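Here is what each chain is made of, one letter per residue.
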Amino acid sequence: MSPLAFNTARLRVGPWRDLAEAALDRPLNAIVAETLTARVTAALPPGWQGAYDGVRADRWISEREGECTCLLGVDRECAQPVALVLLFPESTRSLRLGYLLHERSWGQGYATELIRGLIAACHDAGIDRVSGGVAPENAASARVLEKAGFVEQPMSAADAERLFVWTAP
């Protein structure tokens with residue numbers, strides 16, 4: 001899948017290395033370490049949890065780049081990183097979404113704006129299905145996905161996360 005890039009009212013979103021260097025003039029590992037705090041990673045898989053330093057961020061970046069398309073969301077006005085977006089291919093027209101919002105951006109509508117922009121860009125790129133898992137205790141993320149048109153799928157007793165799916169109209 002080719003990298004998606006798009007703009008929203010407040011965000012510029014594109015390949016993370018490009019934006020880290022061009023828009024922020026900062027090393028990507030510093031942005032990742034600053035974003036992946038213990039609070040941000042608390043509901044993630046155990047290997048992703050906890051705080052990050054430059055070395056751990058480098059390792060995490062390398063692992064992600066080997067498995068998915070990696071985007072960075074930057075506030076266009078203040079040129080600050082807002083979110084990391086991970087798009088895992090499920091098929092040629094289907095993606096699995098993961099996103100991590102910088103703590104300073106919580107509660108400001110950035111996540112909803114980001115995901116709505118992403119869905120519009122996916123639709124334009126011919127992607128017809130995007131799924132995203134949400135930890136049961138993360139009601140805010142569930143609301144973000146629902147506001148962007150995702151529908152929650154039935155869970156079984158064995159499911160560790162809630163699954164939300166967007167399908168193109």
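Before reading further, recall that the structure is shown in the block above.
(A) Looking closely at the packing of aromatic side chains. Throughout the structure, instances matching the rule amount to 3 aromatic pairs. Ring plane angle 80 degrees and centroid distance 5.4 Å describe the contact between Trp 48 and Trp 60, whose orientation is recorded as edge-to-face. Here the residue Trp 48 occupies a position in the loop between helix 3 (38-41) and helix 4 (54-65), and Trp 60 occupies one in helix 4, the gap between them amounting to 12 residues. Residue class for Trp 48 comes out buried when judged on its relative accessible area of 18%. For Trp 60, a relative accessible area of 3% corresponds to the buried category. A ring pair is formed by Tyr 52 and Trp 60, whose centres lie 6.4 Å apart and whose planes are at 80 degrees; its orientation type is edge-to-face. For the pair Tyr 52 and Trp 60, a shared accessibility class is recorded, and that class is buried. Through a chain of ring-to-ring contacts, three or more aromatic side chains come together here, namely Trp 16, Trp 48, Tyr 52 and Trp 60. Note that Arg 56 overlies the ring of Tyr 52, its terminal NZ or CZ placed 3.9 Å from the centroid.

Basis of the calculations
Residues numbered from 1 in each chain as written. Predicted model: local features only at pLDDT ≥ 70, side-chain atom pairs only at ≥ 80, totals over all residues. Heavy atoms only, no water. Phe/Tyr/Trp six-rings, centres within 6.5 Å; stacked < 30°, edge-to-face > 60°. Helix = DSSP H or I, 4+ residues; strand = E, 2+ residues; numbered from the N terminus. Buried < 20%, exposed > 50% of the residue type's maximum accessible area, 1.4 Å probe, protein only. Lys NZ or Arg CZ within 6 Å of the ring centre and 35° of its normal.

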